[in-house]
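Residue-level structural notes
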Amino acid sequence: MSSSSSSSDEEGQWVPLRSRPEFSDVIPVEQDDGPNPVVPITYKEEFRETMDYFRALYKADERSLRALNLTSEAIQFNPGNYTVWHFRRLVLEALNHDLHDELALTEHIAQGNSKNYQLWHHRRWVAEKLGTSATTEELRFTKNILSIDAKHYHAWSHRQWVLQALGGWEDELDYCHQLLEEDIFNNSAWNQRYFVITRFLGGLKAMRESEVCYTLNAIVARPENESSWRYLRGLYKDDNSSWVNNPQISSVCLEILNAKTNCVFALSTLLDLISHGFQPSQEFADAVDALRISDSEQRDSDVAKAACFVLESVDPFRANYWQWYKNKHFQNA
Amino acid sequence: MESEPFEREKHVTFLEMMYRLLPHQYQTQEINRLTLAYFVVSGLDLLRALHRIDKDAVADWVLSLQARPSDSDQVNNGQFYGFYGSRSSQFSPQDDNNGASSSGISNLASTYCALAILKIIGYDLSSIDSESLLKSMRNLQQPDGSFMPIHTGAETDLRFVYCAAAICHMLGNWSGMDKERAKEYIINCQSYDGGFGLTPGAESHGGAIYCGITSLRLMGFLEEDVLSKNVSSSIVNVPLLLVWCLQRQAADGGFQGRPNKPSDTCYAFWIVSVLKILGGHKLIDQKALRGFLITCQSQYGGFSKFPGDLPDLYHSYYGFTAFSLLEEPGLNPLCVELGMTDLAAIGI
């Protein structure tokens, strides 16, 4: 987003730097690739020339307005080049330039390609300088990106940094809920729930009851959703006895097993509970038995072993794992 | 699908083409040219075709990208004296004034790639001036144990902890980093679901897990093959991580980087590498993975990210590593921790 009007002519065509009067005194510095360069790149003319002029201003350490404008152009062509971004920051500081323009620049570049670490680092640098006055804007910006790609890793990373450094976490759990309403399979949103409850809302123990309730509803709605099961388990991190002793959990597993569809995670969770001391009742034995694929298979009195057999069939990509698990946990498998 | 051939010759030709000339679509990656060179060199080595490059020319070019302090510089002036990713971050300080901005900015990731390339082509790493490299690398380590890739300021995350650990390992010298602090950072990146995010609190991600686990392994904090040895780790929840990794094999046979995301060629490397370290890589469905990877194999040579896309160097390289992990005939075995063939890692 160059504020120089001469970067393009009346027809919107790019004007070579050598034709622009404001750069007439600059001697461009070509890249010296050496005698036998490896993986040489076929640079396009505009790219090459812009970088040649950048090199000249960088070497001269010219922290001027035209240098600022040139870095805008160089960034558009080459947004991964951290030397250009770094120099831009030096120029911004030297000119004491209004940093709000940077928010607009980064937003513009993000429209082209938002999966660029340098862009996000620059955004963070600006936000750090602007402080809490930037909080609302940063949350809006990341929300915008997430509305296009709700799992955007950079956006989530930046958002987590904003919440920790600048605040604004009060509505975050609600935002996670909105995202999960749109897509209950959004693992990033589940992860953000965990982030919020552990860092801002009092921690696992304080939030466990309400979160377990929330998660079990999600599980019952879509039992094939790995994210919700992992989140549920995560709520009991470092507290296996509470995990085993919550009857709601085994009860939901049973419900899903009896429904006979999408049982994989219910079965593996049952195995997990049993490995931590849960004693399955006859109801569980019957439910697992009802899932046996073949009647000719021997009915196993051990619920856990029987569950492993079922999993080998219903979770075929992990059949090797379930066999291994069975052999490891049950001596006479 | 899974019985279709791995087109080794086409892949070698693809890499040779990239070695000679990269099309303009790669210009936005030019800051990391060394990384692109690494993909080519390591890829050719995996495909048993390293003889197709001029090793001396490669060594000369890589070494020309090393940052060296001038006589008057103190190595603790805060700058990092590693390797530049390309000429576009390389500026010689003696050219002009003494403004810090006019000097080059070398990069941890490029340094890893440079050393890896040199090791692969058989260059003796002990003849590199590693003193200023390692001393100045310590300046990149943050109070929380993470690493910044460049001294002028950048994001800090697990990727650069990995680069630092691999660099120290290759140079046989751990003075470049505080291992304990790095270990603490990695542990803090462990997520509630057993995986690792790139930063503490971030979502578990295949690439992050690779960086975390290989770093622990390289630093000596994780025993090899914990699953077979029936031991547990005090710092990593191995059973949970195992299950998380195996669950990444999706219905199309490929591996996804995170739950409920599409499969992508490169995660076959990141995830299966971790499984190999833990001793569980045989637990995957190898046939199904091969089947998926074949759909990403390009008729032009190389691999794409998703089935049917055009190939790119990054996904091609990780496609080759995945086939090596699947023990495809004609490929060299892989040292997953260092990202090169076993032979290169050992130094034969």
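Because the structure is predicted, anything quoted here is derived from the model rather than measured. (Residues numbered from 1 in each chain as written. Chains lettered and ligands numbered in written order. Predicted model: local features only at pLDDT ≥ 70, side-chain atom pairs only at ≥ 80, totals over all residues. Heavy atoms only, no water.)

Along chain B, the regular secondary structure elements total 14 helices and two strands. Here chain B has a C-alpha radius of gyration of 20 Å; the compact-globule value for 348 residues is 20 Å, and the two agree. Viewed in the frame of its principal axes, chain B has a C-alpha envelope of about 60 × 45 × 35 Å. The buried share of chain B, taken over its 348 residues, is 64%. Accessible area for chain B stands at about 12100 Å²; split by element, carbon and sulfur atoms hold 49% of it. Within chain B, the 37 negative side-chain charges are centred at a point lying 3 Å from the centre of the 26 positive side-chain charges. (Helix = DSSP H or I, 4+ residues; strand = E, 2+ residues; numbered from the N terminus. Rg over C-alpha atoms; globule rule 2.2 N^0.38 Å. Buried < 20%, exposed > 50% of the residue type's maximum accessible area, 1.4 Å probe, protein only. Areas by Shrake-Rupley, 256 points an atom, 1.4 Å probe, with all protein chains shown as cover. Lys, Arg positive; Asp, Glu negative; His and termini not counted. Charge placed at Lys NZ, Arg CZ, Asp CG, Glu CD.)

Take the interface of chain B and chain A next. Listed by partner, the interface residues are 73 residues for chain B and 59 residues for chain A. Both faces considered, chain B and chain A share a buried interface measuring about 5900 Å² in area, 54% of it formed by carbon and sulfur atoms. Across the contact surface, chain B and chain A share two salt bridges. For A:Glu226, the salt bridge identified is with B:Arg248, shortest N-O distance 2.5 Å. Of all the elements in the fold, those that place two or more residues in the side of chain B that touches chain A are α1 (8–20), α2 (33–46), α3 (55–63) and α10 (238–247) of chain B. Looking at side-chain class alone, the side of chain B that touches chain A contains 32 nonpolar, 25 polar and 16 charged residues. (Contact = heavy atoms within 4.5 Å. Buried area = accessible area lost by both parts, 1.4 Å probe. Salt bridge = Lys/Arg side-chain N within 4 Å of Asp/Glu carboxyl O. Nonpolar A, V, L, I, M, F, W, Y, C, P; charged D, E, K, R; others polar.)

This model, assessed by the stated rule, comprises two cavities of 30 Å³ or more. Each pocket or cavity is described by its volume, and for the second largest cavity that value is around 50 Å³. If you go around the second largest cavity, the residues you meet are A:Tyr153, A:Trp156, A:Ser157, A:Gln160, A:Ser188, A:Asn191, A:Gln192, B:Ala202 and B:Glu203. Looking at the lining of the second largest cavity, the elements with two or more residues in it are α7 (153–165) and α9 (187–199) of chain A. Per element, the largest residue contribution to the lining of the second largest cavity is four residues, and it comes from α7(A). Grouping the amino acids of the lining of the second largest cavity by side-chain chemistry returns three nonpolar, five polar and one charged. (1 Å grid on protein atoms, 1.4 Å probe; cavity = no way out; pocket = protein on both sides within 12 Å on 5 of 7 lines; lining within 4 Å. Points joined across faces, edges and corners; volume = space filled by probe spheres on them.)

Moving on: the side chain of A:Arg123. Residue and element names in this part refer to chain A. Note on placement: Arg123 falls in helix α5 (residues 117–130). Overall, the relative accessible area of 1% leaves Arg123 in the buried class. If sequence neighbours within four positions are ignored, Arg123 has contacts with Leu103, Thr106, Glu107, Glu137, Glu138, Phe141 and His158.

Attention now goes to the side chain of A:Asn81. Inspection of the secondary structure puts A:Asn81 in the loop between α2 (65–77) and α3 (82–95). We classify A:Asn81 as buried; its relative accessible area is 0%. Discounting chain neighbours no more than four positions away, the residues touching A:Asn81 are A:Met51, B:Glu30, B:Ile31 and B:Ser88.

Attention now moves to the environment of A:Asn116. Residues and elements named next belong to chain A. Tracing the sequence through the fold places Asn116 in the loop between α4 (100–112) and α5. The class of Asn116 is buried, set by a relative accessible area of 6%. Residues Asn116 and Asp289, 173 residues apart in the sequence, show an inter-C-alpha distance of 51 Å. Here Asn116 is in contact with Pro79, Gly80 and His154, once residues within four sequence places are set aside. A polar atom in the side chain of Asn116 sits 2.9 Å from the backbone nitrogen of Leu119. (Polar contact = N/O pair within 3.5 Å; in protein donor to acceptor, adjacent residues only side chain to side chain.)

What follows covers the nonpolar core. Residues and elements named next belong to chain B. Ranked by size, the top nonpolar core spans 235 residues in total, and within it Phe83, Tyr112, Met137, Leu158 and Leu313 carry the most contacts. No other element matches the 12 residues that helix α6 (residues 158–171) contributes to this core. Look past the residues within four positions of Tyr112 in its chain and what remains in contact with it is Tyr38, Tyr162, Cys163, Ala166, Ile167, Met170, Leu338 and Gly339. (Core = buried A, V, L, I, M, F, W, Y, C linked by side-chain atoms within 4.5 Å.)

Residue and element names in this part refer to chain B. Summarising the model, chain B shows a mean pLDDT of 93, and 95% of its residues fall at 70 or more. Long-range and interchain partners of residues 94–101, a stretch whose pLDDT sits below 50, account for 11 contacts in this model, where long-range means more than four residues apart. Quick note on the complex model: pTM equals 0.95, ipTM equals 0.94. (pLDDT = per-residue confidence, 0-100.)

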